[in-house]
Amino acid sequence: MGTAIPPPAQAQQIIGVAEPIQTQKRPVKLTGRPGLIEEFLAKFDVFLFDCDGVIWLGDKLLPKVVEALDMLRSKGKQIVFVTNNSTKSREEYKKKFARLGIQAEIDEIFGSAYSSAIYISRILRLPPTERVYVLGEAGVEAELRSENIAYLGGTDPVDCGPMTPSDYVTFGPDPTVTVVLCGKDENICYKKLARAYQFLLNPNCRFLATNTDSTFPTHGKFFPGAGTMSAPLTYMLGGRMPICLGKPSQAMMEAIEGKFSFDKSRTCMVGDRLNTDIAFGIEGGLGGTLAVLTGVSREEEFFMEGAKVVPDAYLEALGDLVY
């Protein structure tokens, strides 16, 4: 008899939904209220911005975002772009920002692929004789290369095809593969999952995820997020969860804080998703959180009875900062 499919609550845990955070506050809507906007902005020197669902949707820039960012810079605010999307490297993101007409330096961009590479090289201190198996795309590979980390898998076409009879014989734990790193992978397949699972049977192999987002917003719709890449492995491994290196993980917050040396009490997290962006800011002890309604979370969620993760304030869209 096969293993029973987990109930919805357990399935949510496998995908990596953040635990609720106790709070009693009710968010303030800033859209159309210039006085409150100015009062809110005056509290902060640094703004951390999510990208997907806040700055853009897919390749479409959201209205008045450039004007809003320019206004913040004109007020002397520091801007950092913090994204869970691991499919692009910082250099690729810089090109996307430029293409959309947004001023952004590479040092202002902090993605989960970069966070993962930093964790592997500087926290785990992976020796050159050991390798990372990648479930992910070119962005992860580029950031691993930037830290001189050896890897296999990823975009290698060898791992993107069907299983062969010999694969069932040769796949197994490998003492040189001591990390499995899962990111969003649009070429996910049985072969990749099988190989990753076999590597993780080695008790010395660490299980990491660039992020555990359940969905990914683009083109006005939702598609599977990076959390759905690691979830099958968690299921295979009897509930073992990966170490998450994107929002809301505080490992990412510590890396950002170490790089930029900002005052948390004067820093605001801006995002569209309660269980990653807003939870990231609250758990990180930032001075404030600001939600926008152009991505995942909806206004009614902020006011639901028993809501645990809610922002300090919210806008219908980031462009509403400009009035």
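Quick look at the structure, then. (Residues numbered from 1 in each chain as written. Predicted model: local features only at pLDDT ≥ 70, side-chain atom pairs only at ≥ 80, totals over all residues. Heavy atoms only, no water.)

**Description of the pairing of strand 12 (residues 221-224)**
Looking at chain direction, strand 11 (residues 215-218) and strand 12 are connected through four bridges and run antiparallel. In the sheet register, Pro-217 faces strand 12, and the bridge partner there is Phe-222. Between strand 11 and strand 12, which follow one another and run antiparallel, lie two residues, and His-219 among them has a positive phi close to 55°. (Pairing = 2+ DSSP bridges. Helix = DSSP H or I, 4+ residues; strand = E, 2+ residues; numbered from the N terminus.)

**Details of the packing of aromatic side chains**
Enumeration over the complete set of coordinates arrives at twelve aromatic pairs. Ring geometry for Phe-110 and Tyr-114: centres 5.2 Å apart, planes at 75°, overall edge-to-face. Since its relative accessible area comes to 1%, Phe-110 is described here as buried. Judged by relative accessible area, which is 9%, Tyr-114 ranks as buried. Members of the aromatic cluster, connected to one another through ring pairs, are Phe-40, Phe-44, Phe-47, Phe-49, Trp-56, Phe-81, Tyr-93 and Phe-97. Over the ring of Trp-56 we find Lys-96; its NZ or CZ atom is 4.1 Å from the centre of that ring. (Phe/Tyr/Trp six-rings, centres within 6.5 Å; stacked < 30°, edge-to-face > 60°. Buried < 20%, exposed > 50% of the residue type's maximum accessible area, 1.4 Å probe, protein only. Lys NZ or Arg CZ within 6 Å of the ring centre and 35° of its normal.)

**Notes on the pattern of salt bridges**
Where charged atoms from two side chains of opposite charge come close, those side chains can pair. All chains considered together, the criterion is met by 19 salt bridges. Across the pair Lys-29 and Glu-316 runs a salt bridge, and its minimum N-O distance is 2.9 Å. Taken as a pair, Lys-29 in strand 1 (residues 28-29) and Glu-316 in the segment after strand 16 (313-315) lie far apart in primary sequence, 287 residues in all. Put simply, Glu-186 and Lys-184 hold a salt bridge, and the shortest N to O gap is 2.7 Å. One salt-bridge network, in which partners are shared between bridges, spans Lys-29, Glu-299 and Glu-316. (Salt bridge = Lys/Arg side-chain N within 4 Å of Asp/Glu carboxyl O.)

**With respect to the sheet that holds strand 10 (residues 206-209)**
Across the sheet, which stays open at both edges, the five strands sit in the order 8-7-9-10-13 with parallel pairing between neighbours. The strands lining the two open edges of the sheet, one partner per strand, are strand 8 (151-153) and strand 13 (243-244). Of the pairings in the sheet, the one linking strand 7 (residues 131-135) to strand 8 comprises three bridges and is parallel in character. In the strand pairing of strand 8, Val-132 is matched with Tyr-151. Strands in contact with helix 8 (residues 190-200) are strand 7, strand 8, strand 9 (177-182) and strand 10; relative to strand 7, the strand with the most contacts, it is inclined by about 145°. (Contact = heavy atoms within 4.5 Å. Axes fitted to C-alpha atoms, helices over the stretch in contact; angles between N-to-C directions.)

**Side note on the sheet that holds strand 1**
Judged by pairing direction, the sheet is parallel, and its seven strands sit side by side in the order 1-16-15-14-2-5-6 without closing on themselves. In this open sheet, the two edge strands, each paired with only one partner strand, are strand 1 and strand 6 (109-111). Both strand 1 and strand 16 contribute to a ladder of two bridges, which runs parallel. Following the sheet pairing, Lys-29 is matched in strand 16 by Tyr-314. Against the sheet, helix 5 (residues 112-123) contacts strand 5 (78-83) and strand 6, and its axis sits at roughly 75° relative to strand 6. In this fold helix 10 (residues 250-260) packs onto strand 5 and strand 6, with an angle of close to 160° to the strand it touches most, strand 6.

**With respect to the environment of Cys-268**
Considering the arrangement of structural elements, one finds Cys-268 in strand 14 (residues 267-271). Its relative accessible area of 0% is what places Cys-268 among the buried residues. Remark: the alpha-carbon pair of Cys-268 and Phe-44, spanning 224 residues in sequence, is separated by 6.4 Å. Each residue touching Cys-268, except ones within four places of it in the same chain, is listed here: Phe-40, Phe-44, Val-46, Phe-47, Leu-48, Leu-286, Gly-288, Thr-289 and Leu-290.

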